[in-house]
Amino acid sequence: MGKKDFYWGASTSAFQVEGGFGEGGKGVATTDVRNVPDGIADSKIASDHYYHMLEDIALMEELGINLYRFSFNWTRVMGEGMEPNQEGIQFYNQLIDACIGKGITPFPTLYHFEMPQAFVTAFGGWKSRECVDRFVDYAEVCFQNFGDRVKLWGTINEQLIVSAASDLNGNHETDVDEKMKQMYQMSYHMSLAEKKAIQRFREIVKDGKIGPVCSMQVVYPESPSPENILASKNAEDFLQNCFLDMSMNGEYPKSYSNYLHTKGWFPKTKPEDRLILKSNKPDIIGINYYCSTCIRAVEKGEDTSKLPPFYRNELFTLGNNPHLVKTKWMEFGIDPEGLYIGMRAIYEKYKLPMIVTENGLAFSDVLEDGTVHDDYRIDYLNQHIKQCERFIEEGYPLLGYSPWSLLDLVSSHQGFKKRYGLIYVDRTDTDVKECRRIPKDSYYWYQKKIKENY
Ligand code: BG6
């Protein structure tokens, strides 16, 4: 894992760090209007990165990373969605140039959870095929404006999550059956949009690499009973293979399409989609990994309606893994070896190089003696990096490791109560203060780790 051939990075996403709501021509995003419960921070100021960008890049340089994984804010690049917003483009030009100037490779993701609210209002967002074209136009604006300098790209971050979470995609359908149907339709449109965007990418950024960022599923059966084993296989198909098989081979796993047909949830497609889906293969896979998932069969008459939509079916449900240590914010348990197990399975299936795009520990950090003594995070990162080293030593192609997150940011659902950053951002959910940056112990530990490996 030496300097020349390995990316040591750190990650963020636009709506979780930037803030700058309504600034510089930014349009309104789904994440700007979502219903955030009282007492929890929203994205309007977030970590105020919009106004601290150069300071944050200076901290990245001091940290010693050579990769910054971030995302473009769709509504900063495209305003309300239809026309490029020059001020937003300028903001990212400045960010990209500053990173490159410090020897940091910019690695943006096109779509990390937020999208123009105007599209949801006008045509239902991803429910409509119209959204595919709007995404491709947006991707093309990014490739044309940044592709001369940016050579490493992510398409969609965690399609599993973004197609299911109503407050991110704006699908607030209340009819239970219709909601499920729409989730699968939206996901299909996202897959198609990804492929069409890759097609444009090949024409515009000839020497670049691009690929999806998956929420890696490391699925363990709760017990060796055949029912639980089958449930865990089903879960793999529904939580991961349905996205990656589409990205790589342009088709769904059989078990997935059979089930959707039976339920009447199979998405509407067009014959001409087939060729687009079958071509335009990605070059890399981004791996987001926090913990493994334990799965069991659904019991007769069991109510799964309170679980996230992708668990609402008769084929599998969440189990409990007694072998892992669980914490308040990591309720599935901590499982470093799962990172190795999951990446190995993905490599054997798709044979593409990978980059760990997210991996980190959530904790309610406390500022003490002017800093944060987060030895629990150091331990988590250390154990997961060891699994990456093992993976590389065994000859698998891992291009980089980029933990979540560079700095504290608004969690996707729990504000600033839980934090992941290497850098503390001095604000709370209700008091924004000055958002002062304070490197934590984990920052200095990671700095040393990178130095030793260069
Ligand atoms: C991933 C996302 O799902 O997990 C991030 O890509 C997110 O955006 C991270 O922040 C951690 O999840 P959460 O819900 O704790 O913020």
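In short, a report on the structure. (Residues numbered from 1 in each chain as written. Predicted model: local features only at pLDDT ≥ 70, side-chain atom pairs only at ≥ 80, totals over all residues. Heavy atoms only, no water.)

## With respect to the overall build of the protein
Helix and strand counts for the protein stand at 16 helices and 13 strands. Radius of gyration (C-alpha) of the protein: 21 Å, near the 22 Å computed for a compact globule of 454 residues. Each principal axis of the C-alpha atoms in the protein carries an extent, and together these give about 55 × 50 × 45 Å. A total of 454 residues make up the protein; the buried ones form 60% of that total. Long-range pairs, those at least 24 residues apart, make up 77% of the contacts in the protein with a sequence separation of at least 6. Only carbon and sulfur atoms are counted for the fraction: they give 51% of the accessible area of the protein, which is about 17,700 Å². Put simply, the protein has 52 plus and 64 minus side-chain charges, and the middle of one group is 4 Å from the middle of the other. (Helix = DSSP H or I, 4+ residues; strand = E, 2+ residues; numbered from the N terminus. Rg over C-alpha atoms; globule rule 2.2 N^0.38 Å. Buried < 20%, exposed > 50% of the residue type's maximum accessible area, 1.4 Å probe, protein only. Contact = heavy atoms within 4.5 Å. Areas by Shrake-Rupley, 256 points an atom, 1.4 Å probe, with all protein chains shown as cover. Lys, Arg positive; Asp, Glu negative; His and termini not counted. Charge placed at Lys NZ, Arg CZ, Asp CG, Glu CD.)

## A look at the pairing of strand β7 (residues 285-288)
Burial along β7 is two-sided: Ile-285 and Ile-287 facing one way and Gly-286 and Asn-288 facing the other are all buried. Two elements, strand β5 (residues 209-215) and β7, share three bridges in a ladder whose sense is parallel. Looking at the pairing, Cys-214 lines up with Ile-287 of β7. Relative to strand β10 (residues 354-358), β7 is paired through four bridges, and the arrangement is parallel. When the sheet's bridge partners are listed, Ile-285 is paired in β10 with Met-354. (Pairing = 2+ DSSP bridges.)

## Some points on the packing of helix α5 (residues 86-101) against helix α7 (residues 130-146)
Between α5 and α7, the least distance of the axes is 11 Å, while the angle of their chain directions is 45°. As far as their axial angle goes, α7 and α5 are oblique. Along this stretch, α5 crosses α7, giving a crossing that reads as right-handed. Residues Ile-89, Tyr-92, Asn-93 and Ile-96 of α5 form the contact with α7, whose participating residues are Val-141, Asn-145 and Phe-146. (Axes fitted to C-alpha atoms, helices over the stretch in contact; angles between N-to-C directions. Parallel < 35°, antiparallel > 145°, perpendicular 65-115°, else oblique. Left-handed = near helix turned anticlockwise from the far one by under 90°.)

## Looking at the environment of Pro-267
With respect to the helices and strands, Pro-267 occurs in the loop between α12 (254-263) and α13 (273-278). Relative accessible area serves as the criterion here: at 6%, Pro-267 is assigned to the buried category. Along the sequence, Pro-267 and Lys-328 sit 61 residues apart, while their C-alpha atoms lie 37 Å from each other. For Pro-267, the residues in contact, after removing those within four places along its chain, are Tyr-184, Gln-185, Tyr-188, Tyr-252 and Leu-260.

## Points about the environment of Ser-71
As for its placement among the helices and strands, Ser-71 is situated in strand β2 (residues 67-71). Once the C-alpha coordinates of Ser-71 and Thr-109 are considered, the two residues, 38 residues apart in sequence, prove to be 4.5 Å apart. Other than its neighbours up to four places away in sequence, Ser-71 contacts Thr-12, Ser-13, Ala-14, Glu-18, Tyr-92, Thr-109 and His-112. For Ser-71, the side chain forms a polar contact with the main-chain nitrogen of Ala-14, separated by 2.8 Å. (Polar contact = N/O pair within 3.5 Å; in protein donor to acceptor, adjacent residues only side chain to side chain.)

## What about the state of the cysteines?
A full pass over the atoms with the stated rule returns zero disulfides. With no disulfide partner, Cys-242 has as its closest neighbouring cysteine sulfur the one in Cys-214, 11 Å distant. Judged by relative accessible area, which is 2%, Cys-242 ranks as buried. Cys-294 takes part in no disulfide bond, and the closest cysteine sulfur to it belongs to Cys-291, at a distance of 11 Å. Using a relative accessible area of 7% as the deciding quantity, one classes Cys-294 as buried. (Disulfide = S-S within 2.5 Å.)

## What to know about the packing of helix α3 (residues 49-63) against α5
Pairs of packed helices are described in terms of their axes, by the angle between the two and the distance that separates them. As a packed pair, α3 and α5 sit with axes 10 Å apart at the nearest point and diverge in direction by 10°. By the criterion of interaxial angle, the relationship of α3 to α5 is roughly parallel. Remark: the crossing between α3 and α5 carries left-handed chirality. Here His-49, Tyr-50, Met-53, Leu-54 and Ile-57 of α3 lie close against α5, whose contacting residues are Phe-91, Gln-94, Leu-95, Ala-98 and Cys-99. Tallied by class, residues from the contact of α3 with α5 come to eight nonpolar, two polar and no charged. (Nonpolar A, V, L, I, M, F, W, Y, C, P; charged D, E, K, R; others polar.)

## Details of the pattern of salt bridges
Per the stated rule, a full pass over the model turns up 32 salt bridges. Ionic pairing is found between Lys-44 and Asp-42, a salt bridge with its closest N-O pair at 3.7 Å. Linking Arg-296 and Glu-302 is a salt bridge whose minimum nitrogen-to-oxygen distance equals 2.8 Å. For Glu-302, a relative accessible area of 27% gives the class partly exposed. (Salt bridge = Lys/Arg side-chain N within 4 Å of Asp/Glu carboxyl O.)

## As for helix α10 (residues 176-204)
Helix length check: α10 (29 residues) gives 42 Å between terminal C-alpha atoms against 42 Å at 1.5 Å per residue, within 8%. Backbone nitrogen of Asp-177 and a side-chain oxygen of the N-cap are separated by 3.3 Å at the start of α10; the cap is Asp-175. (Expected span 1.5 Å × (residues − 1).)

## Describing the sheet that holds strand β3 (residues 105-111)
One closed barrel accounts for eight strands, arranged β1-β2-β3-β4-β5-β7-β10-β11; its pairing is parallel. In this sheet, neighbouring strand axes are inclined to one another by 30° on average, regardless of whether the strands run parallel or antiparallel. Sitting on the sheet, α5 is in contact with β2 and β3, with an inclination near 165° to β2. Along the sheet, helix α16 (residues 441-453) makes contact with β1 (7-11) and β11 (398-401), crossing β1 at roughly 160°.

## Thoughts on the site of the ligand
In the vicinity of the ligand lie 13 residues, with Gln-16, Glu-158, Ser-412, Lys-418 and Tyr-420 positioned nearest. Interatomic distance of 2.4 Å between a side-chain N/O atom of Glu-158 and an oxygen atom of the ligand. Alone, the ligand offers 370 Å² of accessible surface; in the complex the protein occludes 89% of this. The class makeup of the residues in the shell around the ligand is four nonpolar, six polar and three charged. (Near = heavy atom within 4 Å.)

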